[in-house]
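# Architecture and fold: a report
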Amino acid sequence: MSSTLKGKVVIITGASSGIGAASARLLSEHGCRLSLAARSVDKLERLASEIDGEALAIRADMTIPADISRMVARTLEGFGRIDALFANAGVFIMGDYAAGDPEAYTNLLKVNVDGVMRCMHAVIPAMKAQGAGDILVTSSIAGHEELHLGPVYGASKHAIQTIVHTTRRQLAADGIRVMSLGPGRVANELWGLADPDEIERLTRVERDYLKVEDVAEAAVFMLSRPRHVTIRDIVMLPQKQDV
C-alpha cells in the first residue's frame, strides 16, 4: 500500500467498467476514498459494494454540464475535499471517416474533449483552495501518433494532450499536477472484448493488448509520486503493437 495515497479523495469518471473500474479497485486497496462516476448506476453501485473502503456511486453523463457540477458537489459534500481527478471517461470510434456518422463524431468530441475540460475546470477551485491536487487524464497513443483509422478519435486525444500540457504550466504554482496516461490497445469493452479467456490470450499469450489492470497500475504509480515529482505523460503499449 502506498502511504502517499491513503485517505486521498479521488474522482474517477468512466468508473463503471474497463480502466476506470480496475483503477477504482486498485486505488481502494491503497486506502483512497472514491467518487465513482458513470452513466450506469447499477454497475457503479455493484462496484462500490465490492471494493474496500469508502465509495460514492454518482450517475454522471460527461455530455451534461449539470451532471459534472453535481458530481463535484457531491464529492465535496461527502468527503470535504478532492485530492485527485482521474478523467477517464471516453468514447472510441475507429474506421473510415467518410463512412462515419457526424453525430457520433460530435458526441465523441463532447465526451473526450468538452467533458474532460469541464471536469478539470470544476475541480480546480477546490484544489487551489487546498494548495494541492492531481488531475490525471486518460489519453491514448492516438494523442501522440496520427493513427489513420481513427481521425476524429485521434483529434480528440491530440486536443487532450494540448490541454494537459498547457494547464499543467498554469497550475504548477498552485501545487496542482496535471498529467496524461496514453495506452495503446487495451482488452476491454471499447474493443468489444469481455471474455476472460480471450483477454488472457490476447494479452499474456499474443501480447497484442494491454490488460485494464496494467493501465490501472500506471495510473496509481503516477498519482502516488511524491509532491516534488510530476510525470507529464506515460505512453504504454502492448509489446507487439507497432504504431
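In what follows, the structure referred to is the one given above.
Quick caveat: nothing in here was measured; it's all calculated off a predicted structure.

For the structure shown, the criterion picks out two aromatic pairs. Note on phenylalanine 92 and tyrosine 153: the rings are 4.9 Å apart at their centroids and 90° apart in plane angle, and the pair reads as edge-to-face. One end of the pair, phenylalanine 92, is in the loop between β4 (84-87) and α4 (102-130); the other, tyrosine 153, is in helix α5 (residues 151-171), with 61 residues separating them in the sequence. Exposure class is identical for phenylalanine 92 and tyrosine 153. Each is buried. Over the face of the ring belonging to tyrosine 209 we find arginine 185, whose NZ or CZ atom lies 5.6 Å from the ring centre.

Turning next to the side chain of asparagine 112. Relative to the helices and strands, asparagine 112 resides in helix α4. The class for asparagine 112 is buried, based on a relative accessible area of 1%. A distance of 2.7 Å separates a polar atom in the side chain of asparagine 112 from the backbone nitrogen of valine 91. At 3.2 Å, the side chain of asparagine 112 and the side chain of serine 156 are in polar contact. When near neighbours in sequence (up to four residues on either side) are disregarded, asparagine 112 contacts Gly90, Val91, Tyr153, Ser156, Lys157 and Ile160.

Where helix α1 (residues 18-29) contacts helix α7 (residues 212-223), the two axes come as close as 8 Å, and the packing angle between them is 55°. On the basis of their axis angle, the class for α1 and α7 is oblique. The hand of the α1/α7 crossing is right-handed. Residues Gly18, Ile19, Ala22, Ser23, Leu26 and Leu27 of α1 touch α7, and the partners they reach there are Val212, Glu213, Val215, Ala216, Glu217, Ala219, Val220 and Leu223. The class makeup of the residues in the contact of α1 with α7 is ten nonpolar, two polar and two charged.

Parameters and conventions
Every chain is numbered independently, its residues counted from 1 as its sequence is written. Owing to the predicted nature of the model, reporting of local features is limited to residues with pLDDT of at least 70; listing and counting of side-chain atom pairs is limited to 80 or more, with chain, interface and lining totals taken over all residues. For side-chain calculations, the full set of non-hydrogen atoms in the structure is used, while hydrogens and water are omitted. Stacked, edge-to-face and tilted labels apply to pairs of Phe, Tyr and Trp rings (six-membered ring for Trp) whose centres lie within 6.5 Å, assigned for plane angles under 30 degrees, over 60, and everything in between, in that order. By definition, any uninterrupted DSSP run of H or I lasting at least four residues is a helix, any uninterrupted run of E lasting at least two residues is a strand, and each is numbered from the N terminus. Only protein chains enter the accessibility calculation, which uses a 1.4 Å probe; a residue whose area is less than 20% of its type maximum is buried, one above 50% is exposed, and one in between is partly exposed. Note on criteria: charge over ring means Lys NZ or Arg CZ within 6 Å of the ring centre, with the direction from the centre no more than 35 degrees off the ring normal. Counting of polar contacts relies on pairs of N or O atoms within 3.5 Å, with two restrictions inside protein: one atom must be capable of donating a hydrogen and the other of accepting it, and residues adjacent in sequence are counted only when both atoms are side-chain atoms. Whether two residues touch is decided by their heavy atoms; if any such pair falls within 4.5 Å, the residues are in contact. Fitting a line to C-alpha atoms yields each axis, with helices limited to the stretch in contact; the angle taken between N-to-C directions then spans 0 to 180 degrees. Working rule for angles: under 35 degrees goes down as roughly parallel, over 145 as roughly antiparallel, 65 to 115 as roughly perpendicular, anything else as oblique. Left-handed describes a crossing whose near helix is turned anticlockwise from the far helix through less than a right angle; right-handed describes the clockwise counterpart. Any residue outside Ala, Val, Leu, Ile, Met, Phe, Trp, Tyr, Cys, Pro, Asp, Glu, Lys and Arg is labelled polar, Gly included; the first ten of those are nonpolar and the last four are charged.

These results come straight from atomic positions and should not be treated as a statement about function.
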